[in-house]
Structures are given as structure tokens and as C-alpha cells.
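Residue-level structure breakdown
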Amino acid sequence: MGFNCGIVGLPNVGKSTLFNALTQTAAAAAANYPFCTIEPNLGRLPVPDPRLDLLHKLGKSAKKLPTQLEIKDIAGLVRGASKGEGLGNQFLGAIREVDAILEVLRCFEDDDITHVEGGIDPLRDAELIETELLLADIDSLTRQRDGLVKRVRGQDKEAKRRLELVEKLLPAMEEGRPVRSISLGPDERDLLPGFTLLSAKPVLYVLNVDEASAASGNDWSAAAAAMAEAQGAGHVVVSAAIEAELVSLPTEDRKDYLESLGLDEPGLNRVIREGYALLDLLTFFTVGPKEARAWTTEKGSTAPQAAGVIHSDFERGFIAAEIIKFEDFAKYGSEQAVKEAGRMRLEGRDYIVQDGDVCHFRFNV
């Protein structure tokens, strides 16, 4: 399991430049014209985690395998996308396939890069994107409602539950509220994925600023950050231009380059951290002589569910989990030393895996 997200935004806001920097490739054409990204570009990259670096060293593992981040660079949205304008249908279809949205908002001036709306206004851009997603959802739910009504007449109990949810969602959506902002009960939440609604997906706002504003932001990014906080959404200030420059430098020169700009880490690291928080994900580890490896699972996962991320047989035949806290592994320096200190625990089926757990699963199939 990984962090699966789509980079979304209007044309010419820096989506493809950011994608290229994140994946360290030139897979997406970063050109100064709309729709240079015709098909969603897919990229996978290792998630940097200093904990894995230390476990690899302490465990004397032959390989180090980080968990993977999966991202899609999606064609730029324009006003009227919900009605098929621009590449509307492709754009909306691509968003349906991702777990979360990285919404890039332009917070910089550049006379050489045109803005399709005629000027810089990240709040307007965010509202435009939200409106198009919401209109597409309303159209989709309205059509689904017609089919559900027919099924309810035939005494379909499941259709009745789904119709009740639709009747709750539509009035709020027609008032301009995205689905993710509507209060729902646990049973309603369980039904929601079946509707594949765009405005139900969690959003992380990526505020793309000029190089001079990368460390402290600017007035545009401050306004966008306040909007995100009011929505309860995450936000990250980055400079796609800096990220692109950074990956072109030799590894040994990157730290000095960041420090010269008043930055202590790449923007990618912040995007990943906020993305994990966005999707309620956590990282656990396995360490052995062959490999030290990071794995991703949802917060609240039980030990058998986490074991299933590695292999379905591990979950099916789960017996127990040997758990070492990362802090203990780092303190004592090896699995054997942790055991001798009495800091390794044997946990059963009900154990909830915690971020940073080093796990060894016992199973029998």
C-alpha cells in the first residue's frame, strides 16, 4: 500500500514542474501552454525516512527498501470542465482513480508564464476547481439517484440505504459544500466509496511560490494557507522551481543549496509528511540480514492487517507479532540487544500497529 495521489490544478501553475522534480524525471512536459499533460503521467518514488536509514545500518541488512509514493500528474483543469470544456472528461476521470488530491495553487508572478484566468489569485483558483468537482459530483449523484429510486420500488434494502445517503448529500452539495465537509455517520461513510465522488477526496494544498518566498511564503500563500486552515485541510508552501533545481544538483551539494535559501529540507519531504497525515497512514518496518524495509498501512490497522500488507498468507495464517519500538531498536542497536533488555513484546490479533514499529510476524499456512 502506498500514498496514491493526483497533482491537480489549473494550467500553468507548476504541476508538471513539481511532478518532474518529485520523480526526478522529465516524464511530464513542463511547457508554457495549457494541456501539455495530455494523459495522466504516473510516477513512483521512494519515501525518504531517516528511521529506515538507521535500521538498515544497525541491522546490517544487504538491501534497503523504502515504501513507495505514487503520484499522477493530471491534465490542467479549466472553467467548464464539469461540462466537458478543455480536457474535462479526462481530467475528472483521472481524479476518480486517486486516493487524495494535491491541489497546486499558483502564488507567484511571472510575466513569461501566462495565467488562464488572467491574473494571480489562488483563492479564486481553488474555488474554481472546487466548483467544477462539485458540479460533476452533483450531476453524477442525480443520475445515480434515478436508478436507486427504481430499485427501492422493487424493495431493494441496500438501494434504500444508498438513496437515503444521496438525499442527505445532494441538498448540502447544491449549497456549495464538498462531500468531505459533510458530517456523516460510520455506516454512511462505509457507503460513500461506492459513489466515487470527487469532492469526497481529501485535499492537500500545495502553494507554489517564487524562489525568494520559499522559506517564509508571501501574501498569496498566506491567504491560501488561511483558507486551507478554515477548511481543516493541509497545506505546504513549496517552490517548484527550487525543487526542480535541487534534483539537478549532485547529492552532496543539495544541503548547502537549501541552506543558502533558508530551507532545512526539500519540499518533497513536507509534501510526504502532510500526505501521510491526510490519508491517516503510518509506516512500520521489517529488518533482517537480507533487507530493511518500510511498509505503509492505515492508522488503526491490527497486526494481522499490517501483516497482510506484506503478503496475504501472513494475514491468513497469522499467529503473533514480535514488536520492537523504533526508539528501542535505535537505543540498543540490535534486535538481540533489545530482546536481552526485555523490550521486545509479543502481540496478538488485537494489537494496533503503531508508527515506527519494527515487526516480525509469525504465521502458519
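Our subject in this report is the structure included herewith. (Residues numbered from 1 in each chain as written. Predicted model: local features only at pLDDT ≥ 70, side-chain atom pairs only at ≥ 80, totals over all residues. Heavy atoms only, no water.)

1. Section: helix 1 (residues 15–23)
Here helix 1 lies mainly inside the structure; 8 of its 9 residues are buried. Among the residues making up helix 1, those that are buried are Lys15, Ser16, Leu18, Phe19, Asn20, Ala21, Leu22 and Thr23. (Buried < 20%, exposed > 50% of the residue type's maximum accessible area, 1.4 Å probe, protein only. Helix = DSSP H or I, 4+ residues; strand = E, 2+ residues; numbered from the N terminus.)

2. Section: a negative patch on the surface
A contiguous patch of negative charge, built from Glu252, Asp253, Asp256, Glu259 and Asp264, is present on the exposed surface. Locating Asp264 in the fold gives a position in the loop between helix 9 (251–260) and helix 10 (267–279). (Patch = residues over 30% accessible without salt bridge, like charges linked within 9 Å, V, L, I, M, F, W, Y side chains within 5 Å. Areas by Shrake-Rupley, 256 points an atom, 1.4 Å probe, with all protein chains shown as cover. Salt bridge = Lys/Arg side-chain N within 4 Å of Asp/Glu carboxyl O. Lys, Arg positive; Asp, Glu negative; His and termini not counted. Charge placed at Lys NZ, Arg CZ, Asp CG, Glu CD.)

3. Observations concerning the nonpolar core
Ranked by internal contacts, the top residues of the largest apolar core, which has 49 residues, are Ile71 and Tyr205. Residue contacts for Ile71: discarding those within four places in its chain leaves Cys5, Ile7, Phe19, Leu22, Thr23, Asn41, Leu42, Gly43 and Leu45. Counting residues in each nonpolar core, the second largest holds 19 residues, with Leu141, Ala159, Met173 and Ile182 among its members. (Core = buried A, V, L, I, M, F, W, Y, C linked by side-chain atoms within 4.5 Å. Contact = heavy atoms within 4.5 Å.)

4. A look at the pattern of salt bridges
Enumeration according to the criterion identifies 20 salt bridges in this entry. Residue Arg145 pairs with Glu167 through a salt bridge whose shortest N-O separation is 3.9 Å. Separated by 22 residues along the polypeptide, Arg145 in helix 4 (residues 122–153) and Glu167 in helix 5 (residues 157–174) bring together distant segments of the chain. What makes Arg145 partly exposed here is its relative accessible area of 25%. Note that Arg161 is salt-bridged to Glu158, the shortest N-O span being 2.9 Å. A residue pair is termed a helical-turn pair when its members lie 3 or 4 positions apart in one helix, as Arg161 and Glu158 do in helix 5 at 3 residues. Given the relative accessible area of 37%, Arg161 is considered partly exposed. Salt bridges sharing partners connect three or more residues here, namely Asp49, Arg51 and Asp355.

These figures capture arrangement, not role.
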